Number of protein chains: 2
Amino acid sequence: MRTIEEKFQKLGVENAPGQEVRQKTDKVALRGEPIPGRPVDFSHGDVDAHPPIPGSAELFMSGVARGGDQAYTEYRGTRSIREDVARKLSAFTGTAIDAEHEIIITPGTQGALFMAMGACMRAGDKVAILEPDYFANRKLVAFLEGEVVPIPMDYLNCREGSGIDLARLEQAFKDGVRLFLFSNPNNPTGVIYTAEELTAIAELANRYGVSVIADELYARQVFDNRPYTHLCALKNRPEQMVTIIGPSKTESLSGYRLGAAFGSWQIIDRMEKLQAIVSLRAPGYCQRVLKTWFDEPAGWMEARILAHRRIRDDLMARLTAAEGVSVRLTEAGSYLFVKMPPLDVSIGEFARALRLLAGVVVTPGTEFGPQFTDCFRINFSQDHAAAVDAIERTLQIMERYKK
Amino acid sequence: MRTIEEKFQKLGVENAPGQEVRQKTDKVALRGEPIPGRPVDFSHGDVDAHPPIPGSAELFMSGVARGGDQAYTEYRGTRSIREDVARKLSAFTGTAIDAEHEIIITPGTQGALFMAMGACMRAGDKVAILEPDYFANRKLVAFLEGEVVPIPMDYLNCREGSGIDLARLEQAFKDGVRLFLFSNPNNPTGVIYTAEELTAIAELANRYGVSVIADELYARQVFDNRPYTHLCALKNRPEQMVTIIGPSKTESLSGYRLGAAFGSWQIIDRMEKLQAIVSLRAPGYCQRVLKTWFDEPAGWMEARILAHRRIRDDLMARLTAAEGVSVRLTEAGSYLFVKMPPLDVSIGEFARALRLLAGVVVTPGTEFGPQFTDCFRINFSQDHAAAVDAIERTLQIMERYKK
């Protein structure tokens, strides 16, 4: 049996968004002169460039004014707020969510993800995780003392959809996997699963009795009128499943730590039991802010999506013009996953050099799967001009470190 | 191996504070007529009767005004806020806390407790837990798939201190316990550990290499000028230890979900790794509110403690006058743990009957240890007159259910 120290070695945070200040920088070999320019932190969105939904702070203050009633809510969240959110998420997904039994308000979508995982797996369980997929997924399995069964996703070469290897997924389910977690749109690539892929996933989950967690955090920000299918809306949806979503990304409400999970009541019940010992509840006064979610001022969401599509297009133009760079067009969300030509330093060293030479922070590809040693992820929810300039600096630094 | 459903059966929340609305009430045998009176929820403090520190909402809004910088902080919290809190907690405890390495800001003290436990134990580990002690402690061990080793605490019969059975504690450490968690002042009894008890605990922890988590959530609200010793301030303090504390109780800031843990840097490091996958960080804008913690207006804290001492004294007078009732005087915090004469219904049935007949919510003693079948806990941080009236109603209902 491993010690607690060994267990936590799998849970590094140095390269996680916002953690750059804690990086040890002594090992970086810097090449050439610094390139001046406005610093850009691509590891997460810039909520100053794309501010929160108007009126959110006022809703928070209305929570303060309610006093104890809003400070101490049910662990799964204030009933009236659950009812409002359930109604809006039902309309968004085309399902019917029971506010009493099938939804829980959580401290951020990260909180929803943690509790969903904790409610669906035990120490020793096998869990299917895509590569690439959100970096916390593997760490969650490590903390909960399960075993990751990686499933490849050929997102660069498939013509549409995610490129998930369904044969490998079925083999994993046959081999004893009890839980499957995936993000749609995929984080870090921004690809959307096709209805066919999702139907196949649901069919396999039901055939082998596998629970499914669908992370739809960025599902509202879909570009180019692409069709988006919710797994939970399928006729053959997995019997035991939960969908997680929240207003921290497109809506820029991250500072309030709000999220939601909805799905099978058995899982929601267990998530509430877990919330009771993890953090009690989503911050009480903040819960009020959910009133504005899915109820933004007319045109606000459309304008936000358009602004992000334009940034995406300008960045894609630069990236696809660069020799040796491969990248899939973002279909939804604010991520681009960039594959570089071979470098003669590690991706971690490149990321550090990029930060020190050009003031640009990216997330190393290895956070999303050990094989992505030549990739980095950016969140392009940034000031438009600053993002374009930062990508140009990034490509210049890349040239210096090419093999 | 148990299923996930079986695992979560140990994690009930029905009787937890704020969850009464989810109780199934069909099995209650109601005796006599309802007793009218203002409803009182003794399961947690009333932040309307004892409002938050003045200026806290304004500090929150200053966080909103800071924008992205405050929305996305380091996982362990904004550096300047950590420095401020470390300085204040160092002064409070008489220690020297390094803001860079030895402290983390958490989503509530519950968040601190969860992460401290997750950072100090593994599946299969034995953990020493006092009886009675905070109800989440046992549930945390169950979720983390460890084994509870109960340690008795003869709080009713000891002359001073907690009455912890140090011989049993040593035997548990000898038998392989690797982690010891306890609250000081004790929740639910309100007793304070003597310096001698704490010195003995530290000596045992160091002799057997046991990590210690000290929950000091209510340590600021000490009555009658009693001496209070911080375990972390002892010369022989445990080598691996962490103290958790927060502003949700005496300071009534629960609605902001803020807490802190400080201690051995190795544990704090692991806690940050865990926070990264549990909830990322304490709510960003809320972190600003910590500025007012330990920096309340002159006289505010003294007035708050005095108000609570007066409520305690009036409740104690009623309780000690009631035949067959045993209760230890609260030395710190807002809890009273009341032992009733034998009833002819279960404590859960009594609690439900009390709620339905008298509008009074208490927390059943069995939440704090399986043997406390004739006890209940109250948090007396309530409107003074309402609390006194509610205790009188409680004693009347008790009479109806006596054996």
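Residues numbered from 1 in each chain as written. Chains lettered and ligands numbered in written order. Predicted model: local features only at pLDDT ≥ 70, side-chain atom pairs only at ≥ 80, totals over all residues. Heavy atoms only, no water.

Asks: Can you break down the pattern of salt bridges residue by residue, with the values?
Replies: All chains considered together, the criterion is met by 56 salt bridges over all chains. Here Arg312 of chain A makes a salt bridge to Asp224 of chain A, at a shortest N to O gap of 2.9 Å. Of the two residues, Arg312 of chain A sits in helix α11 (residues 300–321) while Asp224 of chain A sits in the loop between β6 (211–215) and β7 (241–245), which places them 88 residues apart along the sequence. A relative accessible area of 3% places Arg312 of chain A in the buried class. Two residues, Lys402 of chain B and Glu399 of chain B, come together in a salt bridge whose shortest N-O distance is 3.0 Å. (Salt bridge = Lys/Arg side-chain N within 4 Å of Asp/Glu carboxyl O. Helix = DSSP H or I, 4+ residues; strand = E, 2+ residues; numbered from the N terminus. Buried < 20%, exposed > 50% of the residue type's maximum accessible area, 1.4 Å probe, protein only.)

Asks: Can you tell me about the packing of aromatic side chains, naming the residues and giving the values?
Replies: Under the counting rule described, the total for this entry stands at 44 aromatic pairs over all chains. Measuring from centroid to centroid gives 5.2 Å for Phe180 of chain A and Phe182 of chain A, while their planes differ by 5 degrees, and the two rings are stacked. One exposure class covers both Phe180 of chain A and Phe182 of chain A, and it is buried. For the ring pair Phe60 of chain B and Tyr256 of chain B, a centre distance of 6.2 Å and an interplane angle of 45 degrees mean the geometry is tilted. (Phe/Tyr/Trp six-rings, centres within 6.5 Å; stacked < 30°, edge-to-face > 60°.)

Asks: Which residues make up the interface of chain A and chain B, and what values do they have?
Replies: Taken residue by residue, the interface counts 78 residues in chain A and 78 residues in chain B. Together chain A and chain B conceal approximately 6200 Å² of surface at their shared face, both sides included; 61% is due to carbon and sulfur atoms. Taken together, chain A and chain B are joined by four salt bridges. For the salt bridge of Arg270 of chain B with Glu5 of chain A, the shortest nitrogen-to-oxygen distance reads 3.8 Å. Run the count over chain A and chain B and you get 16 residue pairs in polar contact (both at pLDDT 80 or more). Contributions of two or more residues to the side of chain A that touches chain B are made by α1 (4–9), α2 (56–66), α3 (68–71), α4 (79–93), α5 (108–120), α6 (135–143), α9 (265–278) and α10 (284–287) of chain A. Sort the elements by how many residues they give to the side of chain A that touches chain B and α9 of chain A lands first, with seven residues. (Contact = heavy atoms within 4.5 Å. Buried area = accessible area lost by both parts, 1.4 Å probe. Polar contact = N/O pair within 3.5 Å; in protein donor to acceptor, adjacent residues only side chain to side chain.)

Asks: Describe in detail the domain arrangement of chain A, supporting the description with residues and values.
Replies: Buried accessible area, meaning the area lost when the parts come together, often serves as the stated size of an interface. Residue and element names in this part refer to chain A. If you check the domain split of chain A, you get domain 1 (4–51 + 299–401) and domain 2 (56–292). Using C-alpha coordinates to define each centre, domain 1 is positioned 25 Å away from domain 2. Tallying the contact residues gives 40 residues for domain 1 and 33 residues for domain 2. Summed over both sides, the interface between domain 1 and domain 2 buries roughly 3300 Å², with carbon and sulfur atoms accounting for 58% of that surface. The interface formed by domain 1 and domain 2 includes four salt bridges. Connecting domain 1 to domain 2 are 23 residue pairs in polar contact (both at pLDDT 80 or more). At the level of secondary structure, the elements contributing two or more residues to the side of domain 1 that touches domain 2 comprise α1, α11, β9 (326–327), β10 (335–339) and β13 (375–379). Considering each element in turn, the side of domain 1 that touches domain 2 owes the most residues, seven residues, to α11. Here the side of domain 1 that touches domain 2 is composed, by residue class, of 19 nonpolar, eleven polar and ten charged. (Domains from an automatic or database assignment. Nonpolar A, V, L, I, M, F, W, Y, C, P; charged D, E, K, R; others polar.)

Asks: So what's going on with the relation of the copies chain A and chain B? Which residues, and what values?
Replies: Turning chain A through 180 degrees and shifting it by 0.0 Å along the axis lays it on chain B, with an RMSD of 0.0 Å. Overall, the copies show the geometry of a two-fold rotation axis. Mapped onto chain B, 100% of the interface residues of chain A again fall at the interface, so both copies present the same surface. (Least-squares fit on C-alpha atoms with pLDDT ≥ 70 in both.)

Asks: Go over helix α5 (residues 108–120) of chain B with me, naming the residues and quoting the values.
Replies: Taking 1.5 Å per residue, 13 residues should reach 18 Å; α5 of chain B reaches 19 Å between its end C-alpha atoms and fits that length. Across the 13 residues of α5 of chain B, 13 count as buried, placing the element largely inside the fold. (Expected span 1.5 Å × (residues − 1).)

Asks: Run through the sheet that holds strand β12 (residues 363–364) of chain A, naming residues and quoting values.
Replies: All names here are of chain A. Pairing within the open sheet is antiparallel, and its four strands lie in the order β9-β10-β13-β12. The strands lining the two open edges of the sheet, one partner per strand, are β9 and β12. Lying on the sheet, α11 is in contact with β9, β10 and β13; it crosses β10 at an angle near 5 degrees. (Pairing = 2+ DSSP bridges. Axes fitted to C-alpha atoms, helices over the stretch in contact; angles between N-to-C directions.)

Asks: Give me the lowdown on the sheet that holds strand β8 (residues 259–263) of chain A, citing residues and values where you can.
Replies: All names here are of chain A. Overall, mixed pairing links the seven strands, which are arranged β2-β8-β7-β6-β5-β3-β4 in an open sheet. Each edge of the open sheet carries a strand with a single partner, namely β2 (103–106) and β4 (147–152). Across this sheet, the average inter-strand angle for adjacent strands is 20 degrees, counted without regard to direction. Pairing analysis gives four bridges linking β7 to β8, with the strands arranged antiparallel. Across the sheet, the residue bridging to Ile244 is Ala261, located in β8. This element, α6, spans β3 (126–131), β4 and β5 (179–183) of the sheet and lies at about 160 degrees to β3.

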